[in-house]
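Descriptive analysis of the structure
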Amino acid sequence: MSPLDHSFLYGHGLFETMRAYSGRIFRLQAHLERLEAGARYLQWPQLPERAELSDAIAAVLEKNQLKDASVRLTLSRGTGTPRPDPGSCGLPTVTVFASPLPPPLPPAGWRIATVTLRRNLSSPLVRIKSANYLDNILAKTEAKALGAQEALMLNTDGFVAEGSMSNIFFVTSGRLVTPDENSGILPGVTRRTVIELAQAAGIPLEIRQVRPEELTGADEIFLTSSVMEIIPVTVLDSRVIGNEPAPGAVTAVLARLYRDFVKE
């Protein structure tokens, strides 16, 4: 990779983190659609074809003899001049790597902590999965300093947005709620799958703005990510959520439906 690569110099890149099951990427096309949408927004003139990216991912899994794995696909705007001029760049730089899955979740799930860093609703970067990830890193670092595994980020209007590396759902009085796309979230592929599964199962669902105090009174909270799937939350700040250590009833149902859907 050139030192003049614009992802290295300016964070001008996009990426997708995916999960492979038995050597196949779950919802690969959805990940590639999101990647292409980000490239269109950034006005990239050209991208590799989906088939080429798919073949590259398959080759990396095979070469590393990995069946169940975390896979990251990164596209940089490419190599250009040492100035923030994307027009000087050539074809995108493509990087694929795969690694073994992280250790299983703790039986009860994760602790999350509300952090001071806010999702900037006026920034276009909140809607694309860009290589400019410093906000997320700072939020995760703050959460770890508070003894949590993940951050809860509010947006600049004071409503709930998402985690530093996950989307958030909560359950109250049997209703499943998640922040809408105007709340400063990156709409996750796993988030979309959980919404579809909940709708198909007849679970009452609300997608809307969420006030932070609603989470404080929630019966259940869980996070979603492609690699970690559905992550029950045991503690928000200093409050125990639900009947720790067992996941809540709705969380457990959706986790089972998700596993079944992956197998399917």
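The rules behind the values
- Starting afresh in each chain, residues are numbered from 1 along the sequence in its written order.
- Given that the model is predicted, a residue must reach a pLDDT of at least 70 before its local features are reported, and side-chain atom pairs must reach 80 or more before they are shown or counted; all residues, however, enter totals for whole chains, interfaces and linings.
- Note that water and hydrogens are dropped before the side-chain values are worked out from all heavy atoms of the structure.
- UniProt positions are given in the numbering used here, feature names are shortened, and annotations may be inferred rather than shown by experiment.
- Note on terminology: a nonpolar core comprises buried Ala, Val, Leu, Ile, Met, Phe, Trp, Tyr and Cys residues joined through side-chain atoms within 4.5 Å.
- Relative accessibility decides the category of a residue: with a 1.4 Å probe and only protein chains considered, values under 20% of the type maximum give buried, values over 50% give exposed, and everything between is partly exposed.
- Secondary structure elements are defined from DSSP: runs of H or I of at least 4 residues count as helices, runs of E of at least 2 residues count as strands, and each element is numbered from the N terminus.
- Two residues qualify as a contact provided that any one of their heavy atoms is within 4.5 Å of a heavy atom in the partner residue.
- Note on pairing: two strands pair once DSSP finds at least 2 bridges between them.
- For helices, the fitted line uses only the C-alpha atoms of the stretch in contact; every axis is such a line through C-alpha atoms, and the angle between N-to-C directions lies from 0 to 180 degrees.
- Each cavity reported here is a set of points on a 1 Å grid over the protein atoms alone in which a 1.4 Å probe fits but cannot get out, each pocket an open set with protein on both sides within 12 Å along at least five of seven lines, and each lining residue one with an atom within 4 Å of a point.
- Grid points are joined across faces, edges and corners, and a volume is the space filled by probe spheres set on the points.
- Think of it as three bins: nonpolar holds Ala, Val, Leu, Ile, Met, Phe, Trp, Tyr, Cys and Pro, charged holds Asp, Glu, Lys and Arg, and polar takes everything else, Gly as well.
- Note on aromatic pairs: the rings of Phe, Tyr and Trp (six-membered ring only in Trp) are paired at centre separations within 6.5 Å, and the planes decide the class, stacked below 30 degrees, edge-to-face beyond 60, tilted for the rest.
- Two conditions define a charge located above a ring, namely a distance within 6 Å from the ring centre to NZ of Lys or CZ of Arg, and an angle within 35 degrees of the ring normal.

For the protein, an unreviewed UniProt entry supplies the name Branched-chain-amino-acid aminotransferase and the organism Sporomusa sphaeroides DSM 2875. Of the protein, the UniProt comment under Cofactor (unreviewed entry) reads exactly: "pyridoxal 5'-phosphate". Taken verbatim from the UniProt record of the protein, the Sequence similarities (unreviewed entry) comment is "Belongs to the class-IV pyridoxal-phosphate-dependent aminotransferase family."

1. Side note on the nonpolar core
Formed by 21 residues in total, the largest nonpolar core has its most connected members in Met18, Ile25, Leu35, Ile57, Leu61, Val71 and Leu73. Those elements that place two or more of their residues in this core are strand E1 (13-21), helix H2 (28-41), helix H3 (50-63), strand E3 (69-76) and strand E4 (93-100). For Leu35, the contacting residues outside a window of four places in its chain are Leu14, Phe15, Glu16, Leu53, Leu73 and Leu75. Within the second largest apolar cluster, 19 residues are counted, among which are Leu152, Leu154, Leu223 and Leu236.

2. Comments concerning the sheet that holds E3
Here four strands make up an open sheet; going across it, the order is E2-E1-E3-E4 and the pairing antiparallel. Each of the sheet's edge strands pairs with one partner strand only, and the pair in question is strand E2 (24-25) and E4. Where E1 and E2 come together, two bridges link them in antiparallel fashion. Residue Tyr21 lies in a different strand from E2, and its bridge partner there is Arg24. On the sheet, H3 packs against E1, E2, E3 and E4 and is oriented at approximately 35° with respect to E4.

3. A look at empty space enclosed by the protein
Taken as a whole and assessed by the stated rule, the structure comprises three cavities of 30 Å³ or more. For the second largest cavity, the calculated volume is near 40 Å³. What lines the second largest cavity is simply Leu32, Leu35, Glu36, Leu47, Pro48, Arg50, Leu53 and Leu75. Counting residues per element, the ones that place at least two in the lining of the second largest cavity are H2 and H3. Per-element tally for the lining of the second largest cavity: the top contributor is H2, with three residues. Class assignment for the residues of the lining of the second largest cavity results in six nonpolar, no polar and two charged.

4. As for the packing of aromatic side chains
How two aromatic rings sit relative to each other is given by the distance of their centres and the angle of their planes. Overall, the coordinates contain five aromatic pairs when judged by the stated rule. Look at Tyr21 and Phe26: their rings are 6.1 Å apart centre to centre, the planes differ by 80°, and that puts the pair in the edge-to-face class. Relative to Phe222, the ring of Phe169 lies with its centre 5.0 Å away and its plane at 10°, an arrangement referred to as stacked. Linking Phe169 in strand E8 (residues 167-172) with Phe222 in strand E11 (residues 220-225), this pair joins segments that are 53 residues apart in sequence. Of the two residues, Phe169 and Phe222, both sit in the buried class. A cation sits over an aromatic face here: Arg72 above Phe15, 3.9 Å from the ring centre.

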